[in-house]
Amino acid sequence: ARTWRVTVDATGDAPTIQAAIDSCAAGDSVVVGPGRYTWTGQGTGNEMGFIRMMRGQERITLCSELGRDATILDAEYRSRVVYLQGMNFATVDGFTITRGDAPDWGDRCGGGLFTHIPRDRVRNCAFVANRGEFGGGVSCVVNDGYFYLENCVFTGNTVTRYGGAVGLANGTGSIHVRDCTMTGNAAGLD
């Protein structure tokens, strides 16, 4: 497995976080240096999300070098921050995920992070000031998958309908939430 390093000044192994992910083979890691990584600064966003792991990009670990207080993923309200397409077995660790706005594409789900048919783990992250219609911080369409949220903080996320901090939908899968704090999130309905 290879480790790809990314820095905010683009002097790492790849110029952007997305370029590093797109270069990964199964089992590789992307280690992100401290700083604020923005939609406009990274230049890789599309309507699915600022950072994307698509089917076939499996067993990738995306982690910060110095933790969530030092490493910020900011979508600048242009779309969601992180999109994980089904069955990636991905790990996302140690980021502040902020100012995501769930797009019309994807039913306005998951302003901070959206995962579908997951086999994913998200830990040591802060979801701050994300918005959408369902799942302001995280939206998870479980189906027959499983999803782990560990040691995460959810603050100031809002939705017009369900799940200010976390929204769950569908199926027989499971979500495991451990040692998370949820404060000051709001939902229009539930």
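Residues numbered from 1 in each chain as written. Predicted model: local features only at pLDDT ≥ 70, side-chain atom pairs only at ≥ 80, totals over all residues. Heavy atoms only, no water.

S.K.: In this structure, what is going on with the side chain of serine 139? I would like to understand it.
M.R.: Position of serine 139 relative to the elements: it lies in strand E14 (residues 138–141). Those residues within four positions of serine 139 in sequence are excluded, and the remaining contacts are Cys109, Gly110, Leu113, Phe114, Thr115, Phe134 and Gly167. (Helix = DSSP H or I, 4+ residues; strand = E, 2+ residues; numbered from the N terminus. Contact = heavy atoms within 4.5 Å.)

S.K.: In this structure, what is going on with the sheet that holds strand E13 (residues 131–134)? I would like to understand it.
M.R.: Consider a sheet: its strands pair through backbone hydrogen bonds, and that pairing is either parallel or antiparallel. Taken together, three strands build an open sheet; the order of strands is E13-E17-E21 and the sheet is parallel. Taken across any chain shown, the strands that pair with only one partner, and hence form the sheet edges, are E13 and strand E21 (186–187). Here two bridges tie strand E17 (residues 158–162) to E21, and the two strands are oriented parallel to one another. Bridge pairing in E21 links threonine 158 to alanine 186. (Pairing = 2+ DSSP bridges.)

S.K.: Just to check I follow, could you spell out unusual backbone geometry for this structure?
M.R.: What you tend to see is this: most non-glycine residues have negative phi, and most peptide bonds are trans. Even without being a glycine, alanine 10 presents a positive backbone phi close to 65°. If you trace the backbone, alanine 10 turns up in the loop between strand E1 (3–6) and helix H1 (17–23). One non-glycine residue, asparagine 151, adopts positive backbone phi at about 55°. With respect to the helices and strands, asparagine 151 occurs in the loop between strand E15 (146–150) and strand E16 (153–155). You can call asparagine 151 partly exposed: its relative accessible area is 36%. (Buried < 20%, exposed > 50% of the residue type's maximum accessible area, 1.4 Å probe, protein only.)

None of the figures reported here should be taken as evidence of function without further support.
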